[in-house]
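# Topology and contacts: notes
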Amino acid sequence: MTMSIVAIFFFWPLAIPAIMNASKVNPLIQQGDYAGAQAAAAESKKWSKWALIVGIVWLVIVLVCCALGGLAGIMGGASSTSSY
């Protein structure tokens, strides 16, 4: 469940199925359905991993674009000549 909650901060559309599957684990264990609980935990882990991967990739893309945009602004501002 912890990984699912952390994943919601990275990419919430994929973290929602992770949380839903994680919330099924304890009731299934209490009913004695260990195979079902294990399957729900595996699904939760899969969705959490995808949410983390997509979120981290998105964060890297945004940071690279911001850095390149800032660098382009600095370079463009340094070489411009303006006469007021």
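Up top is the structure.
Keep in mind that this is a model prediction, so the values were computed, not measured.

Thresholds applied
Residues numbered from 1 in each chain as written. Predicted model: local features only at pLDDT ≥ 70, side-chain atom pairs only at ≥ 80, totals over all residues. Heavy atoms only, no water. Salt bridge = Lys/Arg side-chain N within 4 Å of Asp/Glu carboxyl O. Helix = DSSP H or I, 4+ residues; strand = E, 2+ residues; numbered from the N terminus. Buried < 20%, exposed > 50% of the residue type's maximum accessible area, 1.4 Å probe, protein only. Core = buried A, V, L, I, M, F, W, Y, C linked by side-chain atoms within 4.5 Å. Contact = heavy atoms within 4.5 Å.

Further remarks concern the pattern of salt bridges. Counted by the stated rule, this structure contains one salt bridge. Its salt-bridge partner being Lys 46, residue Glu 43 comes within 3.3 Å of it at the nearest N-O pair. Here Glu 43 pairs with Lys 46, and both are found in helix H3 (residues 34–79), just three residues apart, close to one helical turn. For Lys 46, a relative accessible area of 36% puts it in the partly exposed group.

Here we take up the nonpolar core. Residues Ala 7, Leu 14, Ala 15, Ala 51 and Leu 52 constitute the largest nonpolar core, which totals five residues. Elements with a contribution of two residues or more to this core: helix H2 (12–31) and H3. Ignoring sequence-local partners within four residues, the contact set of Ala 51 consists of Ala 7, Phe 10, Phe 11, Leu 14 and Ala 15.

Geometric descriptors of this kind do not, in isolation, establish any biological role.
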